Each structure stands twice: as C-alpha cells, then as structure tokens.
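Descriptive analysis of the structure
Here is what each chain is made of, one letter per residue.
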Amino acid sequence: MTALDEAGNPEWGIEVRTARIGNQRLAYLINFRRNTIQVDLRWKPKNPRFADLDSEQAISSKLTLKSREIIIGSF
C-alpha cells in the first residue's frame, strides 16, 4: 500500500506499513505532519476492500488524515 499526493507521488510524512497474517493483510497509516492532509491509497492487488479493523467499515481509497491520526485496517 502506498499513500500518494494529488500529483501521484508518495506523500511526505505519511507512514504506511503492511503485514500478512495467513491470507489476510493488515495495514496502518500514520500522519506525522502537523497539518491535515488528503491522500490517495494505492495497493496491489488493485481495489481490495480496505476496512477499519475495529468497526469493519470500508475505508475509501481517498481519505483525509488529521495530524497524528492513525488508521489500522485489513484487506
């Protein structure tokens, strides 16, 4: 998974990590910037269902991250 800016380049200050557990992938995003930022998420395979780990609600590929916000999900 990659967090991209509006021009399609990796967004500075956004950390993205993934891990595989069995057939499932977990991912987290952290906004280390001091301001709110909008990112476009891209991953392989394309367009999986990315869902919040706690609520199981789908997370859009275009999302807004507040400063220091953490999102943990699975796909």
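Structure's up top.
Each chain has its residues counted from 1, following the order in which its sequence is written. Selection of residues for local features in this predicted model requires a pLDDT of at least 70, selection of side-chain atom pairs for listing and counting requires 80 or more, and totals for whole chains, interfaces and linings are taken over all residues. Hydrogen atoms and water are omitted, and side-chain values are computed over all heavy atoms in the structure.

**Re a nonpolar patch on the surface**
A grouping of L53, I70 and I72 is seen on the molecular surface, where their side chains present a nonpolar patch of about 270 Å² in accessible area. Under the scheme used here, helices are H or I runs from DSSP no shorter than 4 residues and strands are E runs no shorter than 2 residues, and both carry numbers assigned from the N terminus. Tracing the backbone through its elements, the reader meets I70 in strand 7 (residues 70–74). Accessibility here uses a 1.4 Å probe with only protein chains present; expressed as a share of the type maximum, an area under 20% marks a residue as buried, one over 50% as exposed, and anything in between as partly exposed. Accessibility expressed as a relative area gives 52% for I70, which makes it exposed. Distance thresholds for patches are 9 Å for like charges and 5 Å for nonpolar side chains (Val, Leu, Ile, Met, Phe, Trp, Tyr), applied to residues having over 30% relative accessible area and no salt bridge. Note on areas: these come from Shrake-Rupley sampling with a 1.4 Å probe, and a residue is covered only by the protein chains present in the view. Here, a salt bridge means any side-chain nitrogen of Lys or Arg that lies within 4 Å of a carboxyl oxygen of Asp or Glu.

**Examining the sheet that holds strand 2 (residues 14–21)**
A strand pair is defined by DSSP finding two or more bridges across the two strands. Pairing within the open sheet is antiparallel, and its 4 strands lie in the order 2-3-7-5. Taken across any chain shown, the strands that pair with only one partner, and hence form the sheet edges, are strand 2 and strand 5 (51–52).

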